[in-house]
Each structure stands twice: as C-alpha cells, then as structure tokens.
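For reference, the chains in residue letters:
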Amino acid sequence: AQKVTQAQTEISVVEKEDVTLDCVYETRDTTYYLFWYKQPPSGELVFLIRRNSFDEQNEISGRYSWNFQKSTSSFNFTITASQVVDSAVYFCALSESIQGAQKLVFGQGTRLTINP
Amino acid sequence: DAGVTQSPTHLIKTRGQQVTLRCSPKSGHDTVSWYQQALGQGPQFIFQYYEEEERQRGNFPDRFSGHQFPNYSSELNVNALLLGDSALYLCASSLHRGAVADTQYFGPGTRLTVL
C-alpha cells in the first residue's frame, strides 16, 4: 500500500530563516505523482506543486523549492527566507491509481510556525 | 473562474442524525473526490465520483454515501452519525485523465460537529 511519512510534526523558526520540510513515500507503482499542499488556519488546502515520477529535476518557484530523489523516495520542500505568512500546516501527498481512479494518500502534515 | 465551493461551512448535528454536504467543482472539472480530515490528521480519502458513478472508495463504512449530478456537482451523505464523524470534510475536483493523476483542487471544507 502507498504510504507517506512526514516525520516532522512541528517546526518553528524565526522569520528569514530557511526551512526544509521532509517527505518520504512508499509505493510499488513505477508511475506515480507527488504533491505538496498548504493548509492555512482557514482550512482550505492550497495546491503548491505536482511532480511525476519521471521528472527528477528540482523545481524552484520564488522562495519555494522542491528536491525530488527517487533513490531515497523523498520529495522535500524548502522555503527560503521564510515569512510569517508561510505559517501553516503543509501536507505531502502521493497519488494512488486504482482502476482509473486517482486517490491521494496524505502524510500527517508538518505544522510550520514562522515567528517575527 | 470560480474555484471549488462547498456548503454549508459549518454544521452541528446530534448522534444518530443524518447529514448532507454539497460540493460544486471548479469550472471544467468532471471528477469529485471527498476526504475526511480529523483534527491534527491528514485528509483521508472517502470516495471519488466520475460520470455520476462511485469509482473508488476508501476505508469508510456504508453509512457514507454519495452522489454526482449531471452538472458534476456532488453530495456526501452520512447516516447514523457517530461522535467520531466530527471532522472537516473536504471536497476536491479534478479532470479525469485515466492513469494520469490530475491535480485535485480543494474547497474550503465543511466542518461537521456531532454532539
């Protein structure tokens, strides 16, 4: 079965520090998709990135960057120069394809607090 | 471009009652998935609807049922509510692409409290 592990339950840093959120996944599929979502206090899950298993290039979007390593089954997320607005719960998720239907398997989430 | 909408925002019910939650997908999307998120946990997949049929189901009892309408909107019904059903219920919409996992976009959720 698919599994996603986010070992860091909570992280607290001071504004402008860099922070990395870890994500380790387990799957037997050769083709799969990984996602990161942000959940602010309002509760809505906000999509950040989607990456397929064939593309191991790292991606950068502004202050956000993602490091995908198939060899270690990891898909880590780094925020550079963190800001208070980055405070939220962050979820890593893995898609599981079952007879043409796609379900997301989520990790437990990492609560990130950025202190001013 | 309207995103995923859900109603109601909050709901309070008592044990044994029944509840219906509603979801309208993002424009252009034809697939709706429902997730349950207990406090402090990651979302858990309930089921997915495409072409008005339940395509896949997570580990939830038959008390949880759903429906998808021709306009792609969806309902989640929960019968015989238990205290443990208290959670944030999230609806996500996507475009059906077979074996390719399209991005699922989430609505703001419905917070259900069972007393």
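For the structure itself, consult the block above.
Residues numbered from 1 in each chain as written. Chains lettered and ligands numbered in written order. Predicted model: local features only at pLDDT ≥ 70, side-chain atom pairs only at ≥ 80, totals over all residues. Heavy atoms only, no water.

Caption draft 1: Inspection of the side chain of Ser74(B) at higher detail. Residue and element names in this part refer to chain B. Within the fold, Ser 74 resides in strand β8 (residues 74-78). With relative accessibility at 2%, the residue Ser 74 sits in the buried group. Within the structure, Ser 74 has its side chain in polar contact with the backbone oxygen of His 67 (distance 2.9 Å). Residues within four places of Ser 74 in sequence aside, it is in contact with Leu 21, Arg 22, Cys 23, Val 32, Trp 34, His 67, Gln 68 and Phe 69. (Helix = DSSP H or I, 4+ residues; strand = E, 2+ residues; numbered from the N terminus. Buried < 20%, exposed > 50% of the residue type's maximum accessible area, 1.4 Å probe, protein only. Polar contact = N/O pair within 3.5 Å; in protein donor to acceptor, adjacent residues only side chain to side chain. Contact = heavy atoms within 4.5 Å.)

Caption draft 2: Up close: the packing of aromatic side chains. Following the criterion strictly, the structure yields 20 aromatic pairs over all chains and no others. Measuring from ring centre to ring centre gives 5.0 Å for Trp66(A) and Phe77(A), while their planes differ by 5 degrees; the resulting arrangement is stacked. Here Trp66(A), found in strand β8 (residues 64-69), pairs with Phe77(A), found in strand β9 (residues 74-79); they are eleven residues apart in sequence, far enough to count as distant. Of the two residues, Trp66(A) and Phe77(A), neither departs from the other in class, the shared state being buried. Site record: aromatic cluster; members linked through ring pairs are Phe35(A), Tyr37(A), Phe47(A), Phe91(A), Phe106(A), Tyr35(B), Phe45(B), Tyr105(B) and Phe106(B). (Phe/Tyr/Trp six-rings, centres within 6.5 Å; stacked < 30°, edge-to-face > 60°.)

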